[in-house]
Amino acid sequence: MSQLGTSRAQALAERLKINSATTLDLRGSTIGGSGALALAEALKTNSTLTTLDLSRNSIEDNGALVIAEALKTNSTLTTLSLAGNSIEGNGALALAETLVTNSTLLTLDLQVNSIEGNGALALAEAFKTNSILTTLDLQSNSIEDNGALALAEALKSNSTLTTLDLEGNSIEDSGALALAEAFKTNSTLTNLALTDNKIGDVGALALAEALKTNTNLTTLSLANNSIESNGALALAETIKANSTLTTLNLGYNSIGGNGALALAEALRTNSTLTTLDIQGNSIEGSGTLALAEALKTNSTLTTLKLGLNRMEGKEALALAETLKTNSTLTTLSLANNSIESNGALALAEALKSNSTLTTLDLRMTSIDGNGALALAEALKTNSTLSTLLLTGNKIGDVGALALAEALKSNTTLTTLVMINTSIWYQGLLAFSEAFKTNSTLATLELRQNMIEDTAAMAFSEARKTNSILTTLELQRYLFRENEVQALAEAIKNDSTLAALDLGYNSIEDNGALALAKALKTNSTLTTLSLAGNSITYNGALALAESLKTNSTLTTLDLQINSIGDNGSQALFEALKTNSTLTTLDLWGNLIGSNGALTLSEALKTNSTLNTLYLQNNSIRADGALAISDGLKTNSALTTLDLWGNSIGDNGALVLSEALKINSTLTTLDLPRNRIGDDGALALSEALKTNSTLTILNLWRNSIGDSGALALSGALRTNSTLATLDLGYNLIGDIGALVMAEALKMNSSLVTLNLVGNPIGYNETRSLLQVSQDVRFIVGH
């Protein structure tokens, strides 16, 4: 979400009072306390909004106070996120008070604030009587043991909360003991996150004891705590009898081999656990072997994460043997272990008969080309694996060649990630060859391999027969000339590619010539971007020739090249006969007034072009005169961008004459054009009669109070303009006041931008207080 600011938030709040929207997302919009105040006022009367996200807005306690007050009367909001807002104890206290009476809020997200123990205490008191809230996120709030104690006490009587996230709160064993005691009587909580706290074996023992009688908790996350083997042993003992827990996350603790042995023993009898995460636990040898043995009889576990332990080839071999008979495991992660190629060989052999595994994570496992060869062989017959992660292994071209060969017959793999795997040119060519027949692989990630300078040629070969890819983004690859030639050759008869982005590749005129030739026969490409490629007249001329016969291209982006007035004249001449192009971007091409003159003639006959970008082209007043002449008869163009063309008052005058006649243009961008009060006066006269223009952008010009007075006169009668941008002009207090008066009579304007004008505080208030509920107003 882009920054909105306080003023826009205030205007948006006004609109909410009558708007029927159900979701409002203002994450990271810097609305501050003042913006929160305006939104809170709107919430008091709004009867449709159900979800409001105000994360990362620095509303602090004052903002939380006014939002809380609004919730006392609001009867529709069900989800509220106030994450990352520097809310402290007072803000939490206000929200807690609201929760006592509010009867609609189901989800409250307060993560990454600073409510601490006192704030948690206040919220806990509210939960004792609140009977509607189901989800509370207090992640990273420094509530510590005191906060956990208070929440635990509330859980004993609360009967609605199902999800509680207390991650990153410095909770130690005392807090865990209190929460465990609460679980013995609580009958609704199903999801508890205690990740990244300071809970040790004592806390784990207490939680394990509680789970023996608790019949509702399904997910327990204790990752990144200080639990060792005794804590794991207690939890394992509980799992033997517990019949509700489905997910247990003990990642990044220190349970070691003994903890793994205990968990393995529990898996032999447990019939509900589906996900077990014990990565990063220094498990070695016997622990992994025990888990492998347990999985031979366990019939419920579907996800096992064993990454970053101390596994080697023999442990991988044991797991591989298990996979031959196990019929439930779908996801296995062994990342960051040293299983090496011997382990990969064993796993590959298992994949030949296994019919359930869909995801195998072997990132950073010291596999070389031989291991990749074995995995490739398995892929030829395996019919279930859909995701294979091999990042950070020394697979090389030998392994890549084998995997590519397997892809020719494999019909299930959809994702193959091989970042930084020492693949060079031959490996990429092999994958390109595989694309000719493979019809299932949707994602192939080959970043950080030495292949950039061969990408175009390899892809070109593949594209001659591959019929899956529709969009190709090859921006900033710095292709060599022969590669562009190869790519163009492939595109000539391509039957699926619809969008091609070759921006910023220095393909120059020769590259443009090759692509232009391809466009004469290609019948599928609709979007072509050649921005920033040092294309001059010859390249533009070739593209123009292809446009005369091409019947599919709808968007052509040639911004930041050097086609000049002669190149633009060729393109505009082509527009007289072309009947498919709808968008043309020529920003920064020095087309000048001569190019504009040819454009004028094209606009008189072309009936399809609706969007034209001509920023920074030195068109000046003479060019504006030519374009305005074309606009008087053109009936297709809806958007015209003339940003930064120094057209001045005279240019604005001739364009305004065209606006009096033209009935299709909806957007006119004229920023940085040295337009003063006289130009504003001319445009205002046009707005009095024009009934189609909805957006007029006059940002960064030289319009003062006189120009504002003229435009305000137009606003009194105009009923179509929705956005007027006058940011960074010279409008002062008088101009602001007359605008405010005009707005009282205008019924169409939605956005008025006056940012960066020398307007005083009182005049800004006059603008903000205009009683138009459908208006965003951006003040100074």
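Residues numbered from 1 in each chain as written. Predicted model: local features only at pLDDT ≥ 70, side-chain atom pairs only at ≥ 80, totals over all residues. Heavy atoms only, no water.

### Thoughts on the overall build of the protein chain
Item 1. Of the regular secondary structure elements, the protein chain holds 28 helices and 28 strands.
Item 2. Dimensions of the protein chain, computed from C-alpha atoms along their principal axes, come out at roughly 85 × 65 × 30 Å.
Item 3. When the 780 residues of the protein chain are sorted by exposure, 58% land in the buried category.
Item 4. Sequence-distant contacts in the protein chain: of pairs separated by 6 or more residues, those separated by 24 or more amount to 88%.
Item 5. If you average the places of the 47 positive and of the 74 negative side-chain charges in the protein chain, the two averages end up 5 Å apart. (Helix = DSSP H or I, 4+ residues; strand = E, 2+ residues; numbered from the N terminus. Buried < 20%, exposed > 50% of the residue type's maximum accessible area, 1.4 Å probe, protein only. Contact = heavy atoms within 4.5 Å. Lys, Arg positive; Asp, Glu negative; His and termini not counted. Charge placed at Lys NZ, Arg CZ, Asp CG, Glu CD.)

### Considerations on the packing of helix α25 (residues 677–687) against helix α26 (residues 705–715)
Helices that pack against each other are described as a pair by the angle of their axes relative to one another and the distance between those axes.
Item 1. Close contact between α25 and α26 brings their axes to 8 Å; oriented N to C, the two are set at 5 degrees. Taken together, the axes of α25 and α26 lie roughly parallel to each other. Where α25 abuts α26, its residues Asp 677, Ala 680, Leu 681, Ser 684 and Leu 687 lie against Ser 706, Gly 707, Ala 710, Leu 711 and Ala 714.
Item 2. Grouping the constituent residues of the contact of α25 with α26 by class yields six nonpolar, three polar and one charged. (Axes fitted to C-alpha atoms, helices over the stretch in contact; angles between N-to-C directions. Parallel < 35°, antiparallel > 145°, perpendicular 65-115°, else oblique. Nonpolar A, V, L, I, M, F, W, Y, C, P; charged D, E, K, R; others polar.)

### Some thoughts on helix α14 (residues 369–379)
Item 1. Counting buried residues along α14, eight of its eleven residues qualify, which places the element largely inside the surrounding structure.
Item 2. Listing the buried residues of α14 in full gives Gly 369, Gly 371, Ala 372, Ala 374, Leu 375, Ala 376, Ala 378 and Leu 379.
Item 3. Residues of α14 that are buried sit in contact with α13 (340–351), β14 (387–389) and α15 (396–407).
Item 4. Two or three places before Asn 370, at the start of α14, stands the capping residue Asp 368, its side-chain oxygen 3.0 Å from that residue's backbone nitrogen. (Polar contact = N/O pair within 3.5 Å; in protein donor to acceptor, adjacent residues only side chain to side chain.)

### Observations concerning the environment of Leu 547
Item 1. Structurally, Leu 547 is set in helix α20 (residues 537–547).
Item 2. Under the relative-accessibility criterion, Leu 547 is labelled buried at 2%.
Item 3. A C-alpha to C-alpha distance of 8.3 Å links Leu 547 and Leu 581, two positions 34 residues apart in sequence.
Item 4. Dropping the residues within four chain positions of it, Leu 547 is found in contact with Leu 553, Leu 556, Leu 571, Ala 574, Asn 578 and Leu 581.

### A look at unusual backbone geometry
Item 1. Positioned with a positive phi, Arg 56 is a non-glycine residue whose angle comes to about 55 degrees.
Item 2. Within the secondary structure, Arg 56 is located in the loop between β2 (51–53) and α3 (60–71).
Item 3. For Leu 590, which is not glycine, the phi dihedral falls at a positive 50 degrees.
Item 4. Locating Leu 590 in the fold gives a position in the loop between β21 (583–585) and α22 (592–605).

### As for the packing of aromatic side chains
Item 1. This structure, assessed with the given rule, holds two aromatic pairs.
Item 2. Through a chain of ring-to-ring contacts, three or more aromatic side chains come together here, namely Trp 643, Trp 699 and Tyr 728.
Item 3. The ring of Tyr 728 carries Arg 700 above its face, with NZ or CZ at 4.2 Å from the centroid. (Phe/Tyr/Trp six-rings, centres within 6.5 Å; stacked < 30°, edge-to-face > 60°. Lys NZ or Arg CZ within 6 Å of the ring centre and 35° of its normal.)

### Re the pattern of salt bridges
Item 1. What the rule picks out here adds up to 26 salt bridges.
Item 2. In this structure, Lys 548 and Glu 545 form a salt bridge, with 3.0 Å as the shortest nitrogen-oxygen distance.
Item 3. When its relative accessible area of 38% is taken as the criterion, Lys 548 is described as partly exposed.
Item 4. Close ionic contact of Asp 629 with Lys 604 constitutes a salt bridge, the shortest N to O distance being 3.0 Å. Here Lys 604 lies in helix α22 and Asp 629 lies in helix α23 (residues 620–631), a separation of 25 residues in the sequence. (Salt bridge = Lys/Arg side-chain N within 4 Å of Asp/Glu carboxyl O.)

### Thoughts on a negative patch on the surface
Item 1. The grouping of Glu 60, Glu 88, Glu 116, Glu 144 and Glu 172 at the surface amounts to a negative patch.
Item 2. Among the secondary structure elements, Glu 116 is positioned in helix α5 (residues 116–127). (Patch = residues over 30% accessible without salt bridge, like charges linked within 9 Å, V, L, I, M, F, W, Y side chains within 5 Å. Areas by Shrake-Rupley, 256 points an atom, 1.4 Å probe, with all protein chains shown as cover.)

### Description of the packing of α26 against helix α27 (residues 733–743)
Item 1. Here α26 crosses α27 at 0 degrees, and the two axes come no closer than 8 Å. Relative to α27, the element α26 lies roughly parallel. For the pair α26 and α27, contact is made by Asp 705, Ala 708, Leu 709, Leu 711, Ser 712 and Leu 715 and by Ile 734, Gly 735, Val 738, Met 739, Ala 742 and Leu 743, respectively.
Item 2. In terms of residue class, the contact of α26 with α27 is made up of nine nonpolar, two polar and one charged.

### Quick word on helix α11 (residues 286–294)
In an α-helix there are 3.6 residues to a turn, and that puts residues three or four apart on one side.
Item 1. Those residues of α11 lying buried are Gly 287, Thr 288, Ala 290, Leu 291, Ala 292 and Ala 294.
Item 2. Residues of α11 that are buried make contact with α10 (256–267) and α12 (313–323).

### Focus on the environment of Leu 345
Item 1. Tracing the sequence through the fold places Leu 345 in helix α13.
Item 2. Distance from Leu 345 to Leu 612, taken between C-alpha atoms, is 58 Å for residues 267 residues apart in sequence.
Item 3. Non-local contacts of Leu 345, meaning those with residues more than four positions away in its chain, are made with Asn 370 and Ala 374.

### Examining the confidence of the model for the protein chain
Item 1. Averaged over the protein chain, the pLDDT score is 90; the fraction of residues at 70 or greater is 90%.
Item 2. Residue range residues 771–780 is modelled with pLDDT below 50. Its contacts to residues more than four positions away, or to other chains, number 46 contacts. (pLDDT = per-residue confidence, 0-100.)

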